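Structure assessment
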Amino acid sequence: MASLLALRQLRGPGSSTSSQFHTSIVSSQFRTKSKKPNGKPASARTRLAKSLQPAGKAKRLGKLEVAPSRPEFKRDALPHEGLAPQQRASPLRRRTTELRSIPKRPAPNDDADAQTEVKNWAIKAHSERVDRRKVAARQPSVAQVNPLEEEFDLSVPATSSSKDLPTQFSSPPLMPGLLQSLQETLGNDAKPTAIQALSMKNLFRDRVEGERYKEFLLASETGSGKSIAYLLPMLQDLKRTEHEQSDAVSPHSTPKPLNPRALVLAPTHELTRQLASFAKNLSHVIKLRVMCASKANTTSTAKFSGTASKMKEKFEEAGTVSDGAFLISKSSRGSRPVDLLVGTPMKLLEMERGRGWNWEERARERAMRIGKTKSEDVKDTDESSKEASREFWVDEPEMGLENVQWVVVDEADVLFDPDFQESTRMLLGDIAAARGSPVPVIPSSALSSTPDSEATTTISYPFNFLLTSATIPTSLATYLSNYHPSLTRLASPRLHHLPPTLRTEHTSWTGGNKNADIERRIRRVWAEDALVHSKTATGSGPVKLSKLLVFCNKRSRVEQLAAFLDGRGIKCVALTGGAETRKRGSNHHLDGFLKTGGPVLTGPGMCDPAQTPHVLVTTSLLSRGLDFSPMIKHVFIVDEPRNMIDFLHRAGRAGRAGEAGKVVVFGRAKGRGSGRTEEVKEKVRAVAG
């Protein structure tokens with residue numbers, strides 16, 4: 001009993017906030033050009049587009065289809081409507097004695113006067129409040145302040161909805177084998193989400209000879225299943241065309257080792273590995289070949305086979321490759337059939353063009369391969385010197401692009417961001433040129449930033465082109481309207497909002513050590529888990545503690561917080577862009593945090609946060625697209641989000657696929673910075689509605 005009381009004391013009331021504010025019904029008085037507090041206009045890279053309605057030349061060529069939202073609640077007809085009320089007989093009153101003749105009881109002198117004065121003061125205060133409300137009601141309404149005027153583009157009207165969407169996964173339109181794999185992954189009773197239903201309605205139509213290739217944008221909130229929405233039609237079309245061309249000679253023959261028929265582009269290596277693994281699970285019945293360019297691979301030849309210990313050594317060597325590159329040895333450079341290849345744009349460019357940046361280890365291997373000695377090309381460095389500098393190398397191409405029929409750009413708002421779009425559009429241009437229909441690759445500085453109907457050049461790729469994202473910045477919406485006017489936009493009704501199962505909570509710094517405040521909030525989560533376990537557990541098993549995801553803005557902050565938690569007995573994983581664990585060619589450094597199809601690991605110490613990591617501290621590196629384990633029910637945002645795009649993606653790592661979750665935002669309750677914290681609270685309430 002004492003332990004339960006202690007746990008109850010540790011458990012504090014959360015300040016979950018929610019709001020019915022919806023950006024699609026904001027009044028026209030908000031439609032003014034937004035500016036940042038310093039007077040500069042908000043950047044189109046960080047301001048979300050309120051609507052995906054085509055603009056410019058896309059008004060007559062493009063199309064927008066939005067899934068309908070849930071039907072509104074309507075009250076049933078009253079059963080007594082139209083009937084006259086029954087007249088009830090008045091109850092008999094008790095006959096009371098006349099009280100006027102009874103003398104009143106004398107009241108105390110001081111207490112009675114004080115109580116009467118307080119009562120009169122309360123009545124007077126209430127009447128004054130009523131008068132103030134009446135005066136305020138007569139005055140004209142003051143224009144409200146939109147908390148998201150810096151983040152949302154409010155210049156486009158609301159859009160229409162789509163009807164007659166499929167309500168279940170069925171065959172047709174899905175192949176029986178693809179449907180079987182999907183049910184094994186999601187369950188037999190799984191229902192399609194809004195974006196998946198839109199995909200089944202629009203993307204499963206077979207392409208007719210001479211018809212334009214598909215161009216679609218899939219826009220939906222985090223955790224809504226966008227990967228399934230684009231993988232299902234792509235895998236089915238790859239299998240269908242494989243059967244059609246099984247007896248025919250490939251029209252585009254190439255001597256390069258890899259010749260994929262579909263590419264999926266993603267911004268991070270962690271995401272490409274998870275997408276490749278998920279695509280393999282969906283295609284294991286229909287037997288398609290899926291490969292990942294961000295994995296370390298070993299050749300399965302006879303010279304590497306043998307005892308289990310020798311095979312283990314080879315796989316360990318593959319896991320220690322510095323960049324986790326996809327390597328093809330000279331002995332296996334023959335053409336290898338590949339249906340789907342997943343990778344980052346820069347890695348695929350290196351494989352396609354045969355050139356890129358590499359570290360000293362690859363330079364040494366190449367020098368030894370061409371017959372030069374180690375001392376001639378690669379100089380040894382002292383132990384006290386810094387890391388070896390990068391060297392530019394040119395090698396034979398490993399991949400041909402002539403057979404590419406599908407290209408999916410996942411997290412399109414990142415890959416078409418001005419910092420990354422150069423490599424993305426360069427790769428798309430190489431694919432179009434390899435297929436015999438080159439398109440212009442416009443420099444980033446020459447791209448138009450405003451919707452224009454005539455001045456821009458329309459880009460039409462000779463392959464099926466899909467884009468997907470949970471956030472559509474104004475810059476991406478403008479780019480698509482200018483250069484892809486015929487693109488069809490498919491959107492869910494909750495775009496740019498948090499999942500409905502994700503709650504928000506705001507907690508304040510105590511004014512002391514911020515790391516100690518974070519540790520205290522982590523232990524409070526585990527105390528709540530222990531309390532729930534004590535009420536629901538039927539056996540004497542260990543308490544299953546939740547795992548947490550902590551987001552910071554800077555790499556130094558990640559390292560500092562991780563070191564503090566380790567010193568306090570909370571083992572955690574700290575992952576940034578330059579972490580050594582990212583160079584192993586696999587996602588094993590995220591074991592226990594990412595969602596997998598296998599069973600949950602159990603054993604001694606697995607539930608002890610001092611032995612097994614239960615906290616993952618990272619930056620926005622892991623906020624894009626990754627599907628985390630349902631054990632992660634809490635996301636901590638310890639640094640103020642730079643913009644609402646970052647917040648939506650960070651918070652969206654929990655509460656996925658209908659699971660319950662909570663995002664905890666830290667901030668200042670008073671003093672310097674408290675005003676900015678209040679602004680963040682208002683914006684969070686808006687996107688949580």
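Before any of the text, the structure's been laid out above.
So, here's what we can say about the structure.

Cut-offs applied
- Residues numbered from 1 in each chain as written.
- Predicted model: local features only at pLDDT ≥ 70, side-chain atom pairs only at ≥ 80, totals over all residues.
- Heavy atoms only, no water.
- Axes fitted to C-alpha atoms, helices over the stretch in contact; angles between N-to-C directions.
- Helix = DSSP H or I, 4+ residues; strand = E, 2+ residues; numbered from the N terminus.
- Parallel < 35°, antiparallel > 145°, perpendicular 65-115°, else oblique.
- Left-handed = near helix turned anticlockwise from the far one by under 90°.
- Contact = heavy atoms within 4.5 Å.
- Nonpolar A, V, L, I, M, F, W, Y, C, P; charged D, E, K, R; others polar.
- Pairing = 2+ DSSP bridges.
- Expected span 1.5 Å × (residues − 1).
- Polar contact = N/O pair within 3.5 Å; in protein donor to acceptor, adjacent residues only side chain to side chain.
- Core = buried A, V, L, I, M, F, W, Y, C linked by side-chain atoms within 4.5 Å.
- Buried < 20%, exposed > 50% of the residue type's maximum accessible area, 1.4 Å probe, protein only.
- Phe/Tyr/Trp six-rings, centres within 6.5 Å; stacked < 30°, edge-to-face > 60°.
- Lys NZ or Arg CZ within 6 Å of the ring centre and 35° of its normal.

1. Here we look at the packing of helix H9 (residues 345-353) against helix H13 (residues 421-434)
Running from amino to carboxyl end, H9 crosses H13 at an angle of 40°, the nearest separation of the two axes being 9 Å. It follows from the interaxial angle that H9 and H13 lie oblique. Judged by the twist between their axes, the crossing of H9 over H13 is left-handed. Two secondary-structure elements touch here, H9 through Pro345, Met346, Leu348, Leu349, Glu352 and Arg353 and H13 through Ser423, Thr424, Met426, Leu427 and Asp430. Its residues assigned to classes, the contact of H9 with H13 shows 6 nonpolar, 2 polar and 3 charged.

2. Thoughts on the sheet that holds strand E11 (residues 406-410)
Pairing is parallel across the open sheet formed by 8 strands, whose spatial order is E3-E13-E5-E12-E11-E6-E8-E7. In the strand order of this sheet, the two ends are held by strand E3 (63-66) and strand E7 (290-292), each with one partner. Averaged over all adjacent pairs, the angle separating strand axes in this sheet is 25°, with direction ignored. Running at roughly 170° to E7, helix H7 (residues 269-283) makes contact with strand E6 (258-265), E7, strand E8 (336-343) and E11 of the sheet. Packing against the sheet, H13 makes contact with E6, E11 and strand E12 (464-469), and its axis sits at approximately 145° to E6.

3. Quick look at helix H15 (residues 514-536)
Spanning 23 residues, H15 covers 34 Å between terminal C-alpha atoms, matching the ideal 33 Å at 1.5 Å per step. Looking at where H15 begins, the residue whose side-chain oxygen comes 3.0 Å from the main-chain nitrogen of Asn515 is Asn513.

4. Section: the nonpolar core
Ranked by size, the top nonpolar core spans 72 residues in total, and within it Leu232, Met234, Leu340, Phe628 and Phe647 carry the most contacts. By residue number, the principal contributor to this core is helix H6 (residues 226-244), which donates 8 residues. Sequence-distant contacts of Phe628, that is, excluding residues within four places in its chain, are made with Leu549, Phe593, Leu594, Lys595, Leu616, Leu622, Arg653 and Arg656. Met351, Leu401, Val407 and Tyr461 belong to the second largest nonpolar core, which has 45 residues in total.

5. Here we look at the packing of aromatic side chains
As enumerated under the stated definition, the model contains 7 aromatic pairs in all. Considering the side-chain rings of Tyr461 and Phe465, the 5.2 Å spacing of their centres and the 65° angle between planes classify their relative orientation as edge-to-face. Ring geometry for Tyr479 and Tyr483: centres 5.2 Å apart, planes at 35°, overall tilted. Taken together, the positions of Tyr479 and Tyr483, both in helix H14 (residues 474-483) and 4 residues apart, correspond to about one turn of that helix. We classify Tyr479 as buried; its relative accessible area is 7%. In this structure an aromatic cluster arises from ring pairing among Phe416, Tyr479 and Tyr483. Between Lys547 and the ring centre of Phe593, over which it is positioned, the NZ or CZ distance is 5.3 Å.

6. Considerations on the environment of Ser220
Looking at the element boundaries, Ser220 is found in the loop between strand E5 (215-219) and H6. Residues Ser220 and Pro493 lie 273 residues apart in sequence; the distance between their C-alpha atoms is 7.9 Å. Residues within four places of Ser220 in sequence aside, it is in contact with Ile195, Lys226, Ser469, Ala470, Ser492 and Leu495. In terms of polar contacts, Ser220 uses its side chain to reach the side chain of Ser224, at 2.6 Å. Polar side-chain contacts of Ser220 include one of 3.2 Å to the side chain of Ser492.

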